[in-house]
Amino acid sequence: MPPSHNIVIQYFSRVTPTVRHRLLFLLVGCALLLGYIFLQTSADDNSSFLAEVSRIPVYLAPVIIAGLGLTGIIFAGGIDLSISTIIVVAGTVFGILYDYGASPGVCFFGCWLTAVSLSSWNGLLVRCLGISPIIITLAGLQFYRGLALILADTLMPDFGGGLSIQQAAYQTPAKEYAGWILAVVVVAALVWEAYGKTFRSFLALGCSPQACRIAGLHPGRILQMSYLVGGLFLGVAAVLYVTNRQVIEPARMAMGFELSVIGAVVLGGTNIFGGEGTMLGTVLGALFLYLIGQAMLYAGVSEYWRTAIEGAVIVAVIGFDCALHRRRKLLDELR
Amino acid sequence: MTPPTRVMRRFTSWHLLILPLLFVAELAVFAPISGVRFDSAEALGRSSRFYATDLITHAAPLIVLVVGMTAVLMTGGIDLSIGSMVALIAAVMATFDPGASFWWTAVPLGLLCGLGLGWFNGFLIARLDVPPIIATLGTLFLFRGLCEVRLGDQEFGTFYDVPGFAWFGGLSGSLLLITLVVALGGGWFFHSRLRRELLMLGGNRVAARYAGIPVFRRTTQVYTAMGGLAFVAAICFTARNGSVSATSFGGLELQVIVAVVLGGTRVEGGNGSIIGSVIGVLMITVLDEGLRSAEMFHADALPFKIQHLKYILMGALLVIGVWVNRPTNNSTG
């Protein structure tokens, strides 16, 4: 079959069947859940479907955008467990700049830049030390929280555990533009993935570092690059995460955020060991997890069940998928 | 009896000695801060006894968990769900009537619950072939969610009312559990065939299957054992804290993994030592205790809260420990 010039067909023919099936499942699942929520909201006078949909970006934007960054890193066979505490440091920098009277633009830029530089620092460490990325970023998870607390302690004399942001001007990105920022970033990421070479080189590295080296690519440089690219996304996610709240508490903020993001990425069909997956999957994965929680609320299930359902969905979907491919994998192994 | 030559060979590799040396150096720095006094032999004896009691009671639950986690990492797996698992087991036990009947209703049920949750992880990983990191990530959310469903927003502080339960939080209870788990369990494990089978499983799964090792059964057993140890740790924790809420023990899994990895076990599987992991836990506990006392006695020495240094030092310790311990010359590393 001659290669098609249609970019959408190209995009989907590049991914493996496993990922394609997962994308299909998530698309249908999200559509069904949205339909269910639509039916429930139209039956109920107190709630409107549009209001429900417009709430999605405010909750989901940080998860999806950080997820897009992490997807690139996981493509390349790395992982970043420290994204939550990088956001904490970025938030602390934001709070300190606010306290020193900087204008909103400077605050946002400082927050973004902090996240980008810490993520690239992770990449540099992974490349130079030759230790597994899990360990480096696990150490980062501890280190950056300490860094945030010490920064706040030293630079702000009256720091009492929380940095309070009162003016509305400093919260516009999350409160007013979350939907637009999310849309722009997602479209940009998908276009970059479809047309650009960067993410394909990440995938190549994830598939086989040896093959990469033989083909003339530089594995270390690509891995470091994946953390830098991940940082670009993470910075935006950090701005959206931080501006969504009035008080920034470095000791407690964003705990477990990295696990929700990894959950969304993995549910989207990205192979945790690298070399397989799509950006689109991550977006759909995060959306599916959120929508299923909302649909449960409309079905009359208590809010307390949300975390349990999130976990059950991850376990069930991936367990089912793995069980389907298990026989073939075993035979491959024993051949 | 181990022949002396074998022992010698184990220690001729110089980086096996680094970890104990690092620990001794750390102890030399933090013991005086934590109140160990060197004025006279008597003061030294008394203060170090206090210090050791403190260390052991704080380290006990972590040591118990670390033994299981080392075995899990040996097989090339990982268990991210233990924090939630401990919380869920504690939550199940907390809702029972805190009388004498607690001992024959809640405790066996907690043990059953621990084994069941561990078995569920093992089932996902061995039977359904889900990668361990994803399976246990999913169960992390699942168990935490069930814990929230069970407890809601309340905090259950019934454990102190159970007769004799607080004993497990004291020195003798902690020592008993540590002895049972590490000295007896770990000692048996070190010389057992099971250990070599697990190592082989982590080194090369296909080869292990060809060698006739029941891969699925061993994997399930390891995760089930991890669940059982999570139950023991839950008893330790609740006996000391006396209460449990829906957010308890978050981040415990990372603490345990830091300790195990610090002890020289590789996350890729195929090697691991329980003694190393125990030293890893002790290092973390010494650090924690030292900074806590420094906060109390020298609060104004630095322009920030000294306890916040804990995160920085723990991260740095992890990277340095692993970097020093990393395999250098051979192809297996």
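Residues numbered from 1 in each chain as written. Chains lettered and ligands numbered in written order. Predicted model: local features only at pLDDT ≥ 70, side-chain atom pairs only at ≥ 80, totals over all residues. Heavy atoms only, no water.

**Some thoughts on the overall build of chain A**
Keep this limit in mind: Helix and strand labels come from DSSP, where a helix needs a run of H or I of at least four residues and a strand needs a run of E of at least two; each type is numbered from the N terminus. For the radius of gyration, the atoms used are the C-alpha atoms, and the globule rule reads 2.2 Å times the number of residues raised to 0.38. To sort residues, take the accessible area from a 1.4 Å probe on protein chains only and compare it with the maximum for the residue type: under 20% means buried, over 50% means exposed, and anything in between is partly exposed. Contact criterion: two residues are considered in contact whenever any of their non-hydrogen atoms come within 4.5 Å of each other.
Looking only at helices and strands, chain A has 14 helices and two strands in total. For a compact globule of 335 residues, the expected C-alpha radius of gyration is about 20 Å, and chain A comes in at 21 Å, within 12% of that figure. With the principal axes as the frame, chain A shows a C-alpha extent of 65 × 60 × 40 Å. A total of 335 residues make up chain A; the buried ones form 54% of that total. Contacts in chain A between residues far apart in sequence, at least 24 positions, make up 80% of those at least 6 positions apart.

**Structural notes on the pattern of salt bridges**
All names here are of chain B. The condition that has to hold: Criterion for a salt bridge: a side-chain nitrogen of Lys or Arg within 4 Å of a carboxyl oxygen of Asp or Glu.
This model, assessed by the stated rule, comprises 12 salt bridges over all chains. Of the charged contacts, one joins Glu 197 and Arg 193 as a salt bridge, the two residues approaching to 2.9 Å between their closest N and O atoms. Placement of the pair is Glu 197 and Arg 193 together in helix 8 (residues 193-203), with a separation of four residues, close to one helical turn. Across the salt bridge formed by Arg 266 and Glu 268, the nearest N and O atoms sit 3.6 Å from each other. Since its relative accessible area comes to 43%, Glu 268 is described here as partly exposed. Each of Asp 288, Glu 289, Arg 292 and Lys 310 takes part in a single network of salt bridges with overlapping partners.

**Observations concerning helix 10 (residues 215-241) of chain B**
Residue and element names in this part refer to chain B. Put simply, the rule is: What a helix is expected to span follows from its residue count: subtract one and scale by 1.5 Å.
Helix length check: helix 10, at 27 residues, gives a terminal C-alpha distance of 39 Å against a target of 39 Å (1.5 Å per residue), a fit within 8%. Helix 10 sits mainly inside the fold: 22 of its 27 residues count as buried. Where helix 10 ends, the next residue or the one after it, Gly 242, has phi of about 80°, a positive value.

**Here's the deal with the nonpolar core**
Rule in force here: Each nonpolar core is a collection of buried residues, namely Ala, Val, Leu, Ile, Met, Phe, Trp, Tyr and Cys, held together in the definition by side-chain atoms within 4.5 Å.
Leu68(A), Phe94(A), Leu65(B) and Val256(B) are the most contacted members of the largest nonpolar core, which totals 218 residues. Excluding residues within four positions of it along the chain, Leu65(B) makes contact with Ile82(B), Val86(B), Met226(B), Leu229(B), Ala230(B), Ala233(B), Phe237(B), Leu252(B) and Val256(B).

**A look at the interface of chain B and chain A**
In plain terms, the rule: Buried area is a sum: the accessible area each of two parts loses on coming together, probed at 1.4 Å, counted once for each and added. Throughout this description, a polar contact denotes any pair of N or O atoms lying within 3.5 Å of each other; where both atoms belong to protein, one of them has to be capable of donating a hydrogen while the other can accept it, and for residues adjacent in sequence the pair is counted only when both atoms sit in side chains. Each residue receives one of three labels: charged for Asp, Glu, Lys and Arg, nonpolar for Ala, Val, Leu, Ile, Met, Phe, Trp, Tyr, Cys and Pro, and polar for the others, Gly being one of them.
Each partner contributes to the interface: chain B provides 50 residues, whereas chain A provides 43 residues. Roughly 4,300 Å² of surface becomes buried between chain B and chain A when both sides are summed, with 77% attributable to carbon and sulfur atoms. For the pair chain B and chain A, the number of links is six residue pairs in polar contact (both at pLDDT 80 or more). Secondary structure elements with two or more residues in the side of chain B that touches chain A: helix 5 (102-127), helix 6 (132-151), helix 9 (205-210), helix 11 (252-262) and helix 13 (309-325) of chain B. When residues in the side of chain B that touches chain A are grouped by element, the largest group, 14 residues, is from helix 6 of chain B. Among the residues forming the side of chain B that touches chain A, the class breakdown is 34 nonpolar, six polar and 10 charged.

**Quick look at the packing of helix 6 (residues 133-155) of chain A against helix 11 of chain B**
Rules: Throughout, an axis means a line fitted to C-alpha atoms (over the contacting stretch in the case of helices), and angles, computed between N-to-C directions, take values from 0 to 180 degrees. Should an angle lie under 35 degrees it is considered roughly parallel, over 145 roughly antiparallel, and from 65 to 115 roughly perpendicular; all remaining angles are considered oblique. What makes a crossing left-handed is the near helix being turned counterclockwise from the far one by less than a right angle; a clockwise turn instead makes it right-handed.
Orientation of helix 6 of chain A relative to helix 11 of chain B, taken along the N-to-C sense of each, is 125°, at an axis distance of 11 Å. Classified by the angle between their axes, helix 6 of chain A and helix 11 of chain B sit oblique to one another. Judged by the twist between their axes, the crossing of helix 6 of chain A over helix 11 of chain B is left-handed. Side by side, helix 6 of chain A and helix 11 of chain B meet where Ile135(A), Leu138(A), Leu141(A) and Gln142(A) of the first sit next to Leu254(B), Ile257(B), Val258(B) and Val261(B) of the second. The residue makeup of the contact of helix 6 of chain A with helix 11 of chain B, split by class, is seven nonpolar, one polar and no charged.

**Side note on the environment of Leu27(B)**
Residue and element names in this part refer to chain B. Among the structural elements, Leu 27 can be located in helix 2 (residues 15-33). Residue Leu 27 is classed as partly exposed on the basis of its relative accessible area, which comes to 28%. Along the chain, Leu 27 and Leu 282 lie 255 residues apart, while their C-alpha atoms are 9.6 Å from each other. Sequence-distant contacts of Leu 27, that is, excluding residues within four places in its chain, are made with Pro 32, Tyr 51 and Val 286.

**So, a nonpolar patch on the surface**
Spelled out, the test is: Patch construction takes residues with relative accessible area above 30% that form no salt bridge. Like charges are linked within 9 Å, and nonpolar side chains (Val, Leu, Ile, Met, Phe, Trp, Tyr) are linked within 5 Å. Where accessible areas are quoted, they stem from the Shrake-Rupley method and a 1.4 Å probe; at the residue level, only the protein chains shown are allowed to cover.
On the surface, Leu24(A), Leu27(A), Val28(A) and Leu32(A) cluster together into a nonpolar patch covering about 400 Å² of accessible area. Here Val28(A) shows up in helix 2 (residues 17-43).

**Regarding the confidence of the model for chain B**
Residues and elements named next belong to chain B. Short version of the rule: The predictor reports its confidence for every residue as pLDDT, a score running from 0 up to 100.
When pLDDT is averaged along chain B, the result is 85, and 93% of the positions lie at 70 or above. In the predicted structure, residues 329-333 sits below a pLDDT of 50 and forms three contacts with residues beyond four places in sequence or in another chain. Scored by ipTM, the complex comes to 0.85, with pTM at 0.87.

**Details of the side chain of Thr114(A)**
All names here are of chain A. If you trace the backbone, Thr 114 turns up in helix 5 (residues 104-129). Judged by relative accessible area, Thr 114 falls into the buried class, the value being 14%. Leaving out residues up to four positions away in the same chain, Thr 114 has contacts with Val 89, Ala 90 and Val 93.

**Notes on unusual backbone geometry**
One can expect most non-glycine residues to show negative phi and most peptide bonds to be in trans. Even without glycine at this site, Ala254(A) takes up a positive phi of about 60°. As for its placement among the helices and strands, Ala254(A) is situated in the loop between strand 2 (247-248) and helix 12 (257-267). Judged by relative accessible area, which is 6%, Ala254(A) ranks as buried. Positive phi is not limited to glycine here, since Phe249(B) has a value of about 60°.

**Focus: the state of the cysteines**
Here a disulfide denotes a covalent bond joining the sulfur atom of one cysteine to the sulfur atom of another. To keep things clear, this is the line we draw: Criterion for a disulfide: a pair of cysteine sulfur atoms at a distance within 2.5 Å.
Counted by the stated rule, this structure contains zero disulfides over all chains. The closest cysteine sulfur to the non-disulfide-bonded Cys128(A) is located on Cys212(A), 18 Å from its own sulfur. Free cysteine Cys113(B): the closest other cysteine sulfur is in Cys147(B), separated by 10.0 Å. For Cys113(B), a relative accessible area of 18% corresponds to the buried category.

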